[in-house]
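For reference, the chains in residue letters:
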Amino acid sequence: MFSYFIQRVLVMIPTLLVISILTFIIIQLPPGDYLSNQLQELKAQGESASAVAKIAFYREQYSLDKPAIEQYAIWMGFWPGPNGFDGLIQGNWGHSFAYDLPVSEVLGDRMLLTFVVNFSTVIFIYLVAFPIGVYSATRQYSIGDYGFTLIGYLGLATPNFLLAMVLLYYANYYFGLSIGGLMDEQYLDQPWSVGKVMSVLDHMIIPVIVIGTSGTAAMIRRLRANLLDELQKQYVTTAKAKGVPRVKALVKYPVRMSLNPFIADIGNLLPDVISGSVIVSAVLSLPTAGPMLLEALRSQDQYLAGSFLMFLALLTVIGVFISDVLLALLDPRIRLSGGATK
Amino acid sequence: MREFTYPTREINRDLVRSGVGMLITALPLLLFGPSSVIVYILVGLFLMFAIYGVRAAVRKKTQISISSDGIQVTGVKGKFIDWEALEALKLSYYSTRRDGEKGWMQLKLKGRGTRLTLESTISEFDDLVRLCAIKAQEMGVKFDATTARNLRSIGIERQVTPQSIEAEKGL
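Residues numbered from 1 in each chain as written. Chains lettered and ligands numbered in written order. Predicted model: local features only at pLDDT ≥ 70, side-chain atom pairs only at ≥ 80, totals over all residues.

## Concerning the overall build of chain B
Looking only at helices and strands, chain B features 5 helices and 7 strands. Scored against the burial criterion, the 171 residues of chain B give a buried share of 28%. A sequence separation of at least 24 residues applies to 56% of the contacts in chain B between residues at least 6 apart. (Helix = DSSP H or I, 4+ residues; strand = E, 2+ residues; numbered from the N terminus. Buried ≥ 20, exposed ≤ 12 C-beta atoms within 10 Å, placed from the backbone. Contact = placed C-beta atoms within 7 Å.)

In structure tokens form, the structure reads like this:
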């Protein structure tokens, strides 16, 4: 297992490097940059020379006047810029031109809230999908199975933003739940307190349901299909014939085996949920990082967009790593064919 | 007496991995002055690669001997399990692929407080497992269902004894 762990870490490091190069290339692909656009606007408005000078200062300060390769190396912290080695690996995420603040300050609480919302969504998906998937597989073609299948298809087919708007209206009308945002207005820009946490939890119900619905539906279908495959195998029939109790014959091997693809998806689930929640966050006015990324990409705010994309890539790589290690550890560790190989 | 070792090619590969790992974690530490969080991560990874290298070096010196008395591991740290004292044998299989293929095996032996863990990278691992399994069966060691299946997958059929029937009931 240690060898496998080492091999995976060795692959992860160059993978992240390649992703950082691709991220930088993608951000650089559109012609011009944020400062060029600003300069054009200022010139069109006949703005003062001081604003133009400020833009020229930024261009020099953030090395935007240098070749792309050098810009990349400075951004990553592999090459000294105007302030020496001062890039991602030195903990400097860069400067957001749109907000005129360091990226770390711009993201600030948004990253925490993004993490809280998306982590809760992942937990929601697993908690809801697992029992329903097992129930649907063990009660195949029952009324309950048909009911959950129908709900699953509805969940897959309904656009998240539409569900968000419908739920917003009804949740407010019938249950008095607050509309939009992730906390009550009085807690905005306030330090964290019990009241603020409770307000966040209260506001999270709708976003978590909305963002998690399609993922839950997909998970239910996948778990049901996997478990049905396992339940039809001979070892389950043998176990039942030997008098192994029904629940034990289900949980001991079939459920574990059907969890394999379930766990293999952990790596993709987190970035999928984050990127899938961008539109929902915009509809629900959630102060998460998704809408900010969208805006940063649109306005070519390259350091904000680049740092966020790198963070997403890191989550994906770590997620895939965790899912692979879990897969290796998942019982039952039974070999399917002969010959010992490594 | 049969003797088994870790193949030189495999050991060299591990040493190269360890070296490359230490290099790519040490270079940023020395050249770029990373932030404290990155320093912790890189130092942790560097130590992990170093431990991996030490493990490969230890394996290079390791020799496993199976005799009629027991199984002996010689090298940097010697261990011996007398067949008479053998209490448990477990053969596990690890795979990271969805289809469960292309994984690796691990043989764990336990006897009188001594534990041995041997991996399928050892040359002629199938023979090693076979010899241990035969001795374990002679000593009346019960195999769990997973071990029994894994043994069967490398062509080692279990003898049917009252103990094995009991063990299989646990599925």
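## Considering the overall build of chain A
Looking only at helices and strands, chain A features 13 helices and 2 strands. Overall size of chain A, expressed as C-alpha extent along the three principal axes, is 85 × 60 × 35 Å. Here chain A, with 342 residues, has 31% of them falling under the buried criterion. Considering only intrachain contacts with a sequence separation of at least 6, the fraction spanning at least 24 residues in chain A is 70%.

## A closer look at the domain arrangement of chain B
All names here are of chain B. With domains assigned, chain B is organised as domain 1 (2-61) and domain 2 (66-169). Mapped onto the side of domain 1 that touches domain 2, the elements with two or more residues apiece are strand 1 (2-5) and helix 2 (36-61). Looking at the side of domain 1 that touches domain 2 element by element, the count peaks at 3 residues for strand 1. Each residue belonging to the side of domain 1 that touches domain 2 can be placed in one class, and the counts come to 4 nonpolar, 1 polar and 3 charged. (Domains from an automatic or database assignment. Nonpolar A, V, L, I, M, F, W, Y, C, P; charged D, E, K, R; others polar.)

## Things to note about the packing of helix 2 (residues 34-45) of chain A against helix 3 (residues 49-61) of chain A
What describes two packed helices is the angle between their axes and the distance between those same axes. All names here are of chain A. Where helix 2 meets helix 3, the closest approach of the two axes is 10 Å, and the angle between their N-to-C directions is 170°. Here helix 3 runs roughly antiparallel to helix 2, going by the angle between their axes. Facing Leu35, Gln38, Leu39 and Leu42 of helix 2, the residues of helix 3 in contact are Ala51, Val52, Ile55, Tyr58 and Arg59. In terms of residue class, the contact of helix 2 with helix 3 is built from 7 nonpolar, 1 polar and 1 charged. (Axes fitted to C-alpha atoms, helices over the stretch in contact; angles between N-to-C directions. Parallel < 35°, antiparallel > 145°, perpendicular 65-115°, else oblique.)

## Side note on unusual backbone geometry
All names here are of chain A. Located in the positive-phi region is Asp100, a residue other than glycine, with phi close to 55°. Inspection of the secondary structure assignment puts Asp100 in the loop between strand 1 (95-96) and strand 2 (101-102). A positive phi angle, near 65°, is found at Tyr141, a position not held by glycine.

## As for the sheet that holds strand 7 (residues 114-119) of chain B
Residue and element names in this part refer to chain B. The strand order across the open sheet built from 3 strands is 5-6-7, with neighbouring strands paired in antiparallel fashion. In the strand order of this sheet, the two ends are held by strand 5 (86-94) and strand 7, each with one partner. Recorded for the sheet is a direction-independent mean angle of 15° between the axes of neighbouring strands. Across 6 bridges, the pairing between strand 6 (residues 104-111) and strand 7 is antiparallel. Across the sheet, Gln106 pairs through a bridge with Glu119, a residue of strand 7. Those strands touched by helix 3 (residues 125-138) are strand 5, strand 6 and strand 7, and its axis lies near 145° from that of strand 5. The strands touched by helix 4 (residues 145-153) are strand 5 and strand 6; relative to strand 5, the strand with the most contacts, the crossing angle is about 65°. (Pairing = 2+ DSSP bridges.)

## Here we look at the pairing of strand 3 (residues 70-74) of chain B
All names here are of chain B. Of the pairings in the sheet, the one linking strand 2 (residues 63-66) to strand 3 comprises 4 bridges and is antiparallel in character. Pairing of Ile64 across the sheet is with Val73, part of strand 3. Adjacent in sequence and paired antiparallel, strand 2 and strand 3 are bridged by 3 residues. In this structure, strand 3 lies alongside strand 4 (residues 79-82), joined through 4 bridges in antiparallel fashion. For Gly70, the partnering residue across the bridge sits in strand 4 and is Asp82.

## Focus on the sheet that holds strand 1 of chain B
Picture the strands of a sheet paired through backbone hydrogen bonds; they go either parallel or antiparallel. Residue and element names in this part refer to chain B. The strand order across the open sheet formed by 4 strands is 1-2-3-4, and the pairing between neighbours is antiparallel. In this open sheet, the two edge strands, each paired with only one partner strand, are strand 1 and strand 4. Averaged over all pairs of adjacent strands, the angle between their axes in this sheet comes to 15°, without regard to strand direction.

## Overview of the packing of helix 12 (residues 289-299) of chain A against helix 13 (residues 302-329) of chain A
Residue and element names in this part refer to chain A. Interaxial distance between helix 12 and helix 13 falls to 8 Å at its minimum, and their mutual angle equals 130°. When the axes of helix 12 and helix 13 are compared, the pair comes out oblique. Taken as a pair, helix 12 and helix 13 cross one another with a handedness that is left-handed. For the pair formed by helix 12 and helix 13, the contact residues are Ala289, Leu293, Ala296 and Leu297 on the first element and Leu304, Ala305 and Phe308 on the second. (Left-handed = near helix turned anticlockwise from the far one by under 90°.)

## Describing the nonpolar core
Core analysis: the biggest nonpolar cluster contains 32 residues, and Leu89, Leu107, Leu109, Leu128, Val129 and Cys132 of chain B have the highest contact counts within it. Listed by contribution, the elements that provide at least two residues to this core are helix 2, strand 5, strand 6, helix 3 and helix 4 of chain B. The biggest single contributor to this core is helix 3 of chain B, with 6 residues. Residue-level mapping places this core at the junction of two domains, with at least three residues from each of domain 1 (2-61) and domain 2 (66-169) of chain B. In contact with Leu109 of chain B, not counting residues within four places along its chain, are Ile71, Ile81, Leu86, Leu89, Leu116 and Cys132 of chain B. Counting 22 residues, the second largest nonpolar core, distinct from the first, contains Leu88, Val106 and Leu304 of chain A together with Phe32 of chain B. (Core = buried A, V, L, I, M, F, W, Y, C linked by C-beta atoms within 7 Å.)

## Notes on the environment of Phe24 of chain A
Residue and element names in this part refer to chain A. Within the secondary structure, Phe24 sits in helix 1 (residues 2-28). With 40 residues separating them in the primary sequence, Phe24 and Leu64 have C-alpha atoms 13 Å apart. Apart from the residues within four sequence positions on either side, Phe24 is in contact with Tyr72, Trp75 and Gly306.

## Here's the deal with helix 2 of chain B
Helix length check: helix 2 of chain B, at 26 residues, gives a terminal C-alpha distance of 38 Å against a target of 38 Å (1.5 Å per residue), a fit within 8%. Within the span of helix 2 of chain B, buried status applies to Leu45, Phe49, Tyr52, Ala56 and Arg59 of chain B. In this structure, the buried residues of helix 2 of chain B make contact with helix 1 of chain A together with helix 1 (8-31) of chain B. (Expected span 1.5 Å × (residues − 1).)

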